[in-house]
Amino acid sequence: MVDFSLSETERDIRDWVRNFVTRELVPMENEVLRRERRGEEGITSEEKNALREKARAAGFWGVQTPEEYGGMELPAVMAALIEIELGRTFVPFSFGGGADNILYYANEEQKQRYLLPTIAGERKSCFAITEPGAGSDAKELRTTARKEGSEWVIDGEKTFITGGIDADFTMVFAVTDKDKGADGGVTCFLVDRDMGWKSEPIEIMGERERQPAALIFESVRVPEENILGELGGGFRLAMQWIGSGRYLLPARALGNCERMVEMSMDYAKNRSTFGAPIADRQAIQWMIADSAVEIEALRWLVLQAAWQRDQGMDSRHAQSIAKLHGGVRANEIVDRMLQIHGGMGYTKEFPLERWYRDLRLLRIFEGTDEIQRRTISRNLLKGHASVSGSLG
Ligand SMILES: Cc1cc2nc3c(=O)[nH]c(=O)nc-3n(C[C@H](O)[C@H](O)[C@H](O)COP(=O)(O)OP(=O)(O)OC[C@H]3O[C@@H](n4cnc5c(N)ncnc54)[C@H](O)[C@@H]3O)c2cc1C
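Residues numbered from 1 in each chain as written. Predicted model: local features only at pLDDT ≥ 70, side-chain atom pairs only at ≥ 80, totals over all residues.

- As recorded in an unreviewed UniProt entry, the chain goes by the name Medium-chain specific acyl-CoA dehydrogenase, mitochondrial, listed as coming from Allosaccharopolyspora coralli.
- The chain has a UniProt comment under Sequence similarities (unreviewed entry) that states "Belongs to the acyl-CoA dehydrogenase family."
- According to the UniProt record, the Cofactor (unreviewed entry) comment for the chain is "FAD". (UniProt positions renumbered as here; feature names shortened; annotations may be inferred.)

1. Details of the overall build of the chain
- Across its full length, the chain holds 12 helices and 10 strands.
- Scaling as 2.2 N^0.38, a compact globule of 392 residues should have a C-alpha radius of gyration of about 21 Å, and the chain matches this with 22 Å.
- Oriented by its inertia axes, the alpha-carbon framework of the chain measures out at about 80 × 50 × 40 Å.
- Counting the 392 residues in the chain, one finds 39% classified as buried.
- The long-range fraction of contacts in the chain, counting pairs at least 24 apart against all pairs at least 6 apart in sequence, stands at 70%. (Helix = DSSP H or I, 4+ residues; strand = E, 2+ residues; numbered from the N terminus. Rg over C-alpha atoms; globule rule 2.2 N^0.38 Å. Buried ≥ 20, exposed ≤ 12 C-beta atoms within 10 Å, placed from the backbone. Contact = placed C-beta atoms within 7 Å.)

2. As for the nonpolar core
- Counting residues in each nonpolar core, the largest one holds 56 residues, and the members touching the most others are Ala79, Ala80, Tyr247, Met260, Val302, Ala306 and Val334.
- Those elements that provide at least two residues to this core are helix H1 (8-25), helix H4 (76-86), helix H7 (248-270), helix H8 (282-310), helix H9 (316-340) and helix H11 (352-360).
- Mapped onto the domain boundaries, this core takes at least three residues apiece from domain 1 (8-98) and domain 3 (245-381).
- Beyond its immediate stretch of four places on either side in the chain, valine 302 contacts Ala80, Tyr247, Pro250, Ala251, Leu254 and Ala322.
- Phe127, Ile154, Ile161 and Val172 belong to the second largest nonpolar core, which has 39 residues in total. (Core = buried A, V, L, I, M, F, W, Y, C linked by C-beta atoms within 7 Å. Domains from an automatic or database assignment.)

3. Concerning H4
- With respect to burial, H4 is a largely interior element, 11 of its 11 residues being buried.
- Among the structural elements, H1, H7 and H8 are those in contact with the buried residues of H4.

4. Thoughts on the site of the ligand
- With respect to spatial proximity, 20 residues lie near the ligand, and among them Thr130, Gly135, Ser136, Thr368 and Glu370 are the closest.
- Elements that contribute at least two residues to the shell around the ligand include exactly strand E1 (125-128), strand E3 (151-162) and helix H12 (369-381).
- Taken together, the residues of the shell around the ligand sort by class into 11 nonpolar, five polar and four charged.
- Each of domain 2 (124-240) and domain 3 (245-381) gives at least three residues to the shell around the ligand. (Near = placed C-beta within 6 Å. Nonpolar A, V, L, I, M, F, W, Y, C, P; charged D, E, K, R; others polar.)

5. Regarding the environment of valine 91
- Checked against the element boundaries, valine 91 lands in the loop between H4 and helix H5 (108-119).
- Residues valine 91 and leucine 33, spaced 58 residues apart in sequence, show a C-alpha to C-alpha distance of 9.0 Å.
- Not counting residues up to four positions away in its chain, the partners in contact with valine 91 are Leu25, Met28, Glu29, Val32, Gly42 and Ile43.

6. Side note on the UniProt feature "domain: Acyl-CoA dehydrogenase/oxidase N-terminal" (unreviewed entry) in the chain
- According to UniProt, the "domain: Acyl-CoA dehydrogenase/oxidase N-terminal" (unreviewed entry) feature falls on residues 7-122.
- With 54% helix and 0% strand, residues 7-122 has its two end C-alpha atoms placed 35 Å apart.

Following this line, the structure appears as structure tokens:
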């Protein structure tokens with residue numbers, strides 16, 4: 001039997017997060033907009049940490065972190081439901097106690113130095129694969145690591161690295177065997193900032209929490225024991241990092257869209273032109289209706305992808321579909337909701353223009369729209385997936 005309802009536990013956790021967002025984050029919204037208008041960070045790291053500790057005191061820590069590392073080890077469906085709730089505000093926040101999935105491939109000694117402090121919030125990581133000449137086509141990596149005695153010497157440049165401005169260490173991907181290339185010739189290294197790499201912020205259309213950096217490696221010496229996973233196993237790790245939480249991106253966008261439509265309905269009921277609220281006009285009603293339909297479709301695409309993960313199925317196809325649909329539709333929805341707000345939608349008094357800029361990224365990072373379409377069509381044409389979906 002197909003059952004679309006939430007379990008009692010899922011509902012309880014979802015409601016707890018919903019209350020947290022309403023009680024702790026939504027009241028910060030006006031201040032976040034004020035600070036961002038002044039060019040400051042919307043929320044400081046002290047404020048973020050204080051909120052994370054507050055959640056931790058209530059037992060909310062490490063959403064998907066295994067229990068043996070002190071986390072809640074919640075399933076993917078639950079993680080998606082949480083992300084949707086967090087998306088119902090634009091205050092940039094995520095719960096503490098998490099670490100990049102590939103850090104769990106660390107050996108015991110590396111776990112002490114990198115994984116555990118990251119989970120504890122004492123160290124910050126960044127994931128560095130993209131280069132000026134290698135974005136969608138990650139196999140074009142040019143950053144090299146060559147062996148000298150017991151060390152590797154890394155040279156090259158990474159670009160658009162989220163968290164690269166203030167990360168304590170990076171998981172950087174470099175070519176260790178040019179002949180093998182992506183097929184066994186790329187290795188992932190854990191490289192502390194004090195080993196010598198430099199970062200330069202990149203100006204973008206999004207707000208400060210999105211700001212990425214270029215990472216420069218000039219003869220950076222890294223000890224052999226800092227290889228993450230296996231020598232030559234880097235490309236597989238990179239694909240695992242990229243593919244693991246793809247469904248969470250459209251989940252957050254879905255929350256954004258729910259909130260925007262609610263805000264826009266309120267606005268439309270209160271804004272009158274030509275003697276009637278604009279909510280009475282069919283042009284406005286259709287924008288609301290179309291958006292609600294797309295939101296509903298997105299909800300099931302996201303939850304279906306997450307459900308497949310929880311079932312141990314290969315969810316990559318479903319995740320690509322959810323990411324593509326989420327990116328395209330959320331951008332259409334934010335455009336419509338901004339339109340309903342008229343001139344006010346274009347101002348920084350309201351968060352619509354902020355969401356408009358922020359959501360644009362969803363169509364670019366972690367696989368562009370075109371790359372998702374390429375993946376989806378290839379899966380279908382090669383018979384790895386069916387248009388009948390996972391139910392057959
Ligand atoms: C804010 C931000 C944060 C990021 N964070 C990170 C990070 O933390 N770590 C990291 O490693 N990277 C990160 N990235 C990089 C991001 O993943 C890449 O920008 C993305 O993969 C696209 O690569 P590109 O920019 O080189 O575009 P390109 O690959 O040059 O693509 C340019 C255009 O061509 C299209 N295109 C490319 N190939 C094809 C094809 N075969 N068929 C049809 N169309 C095609 C693309 O879809 C796109 O529209 C981030 C990027 C941004 C903007």
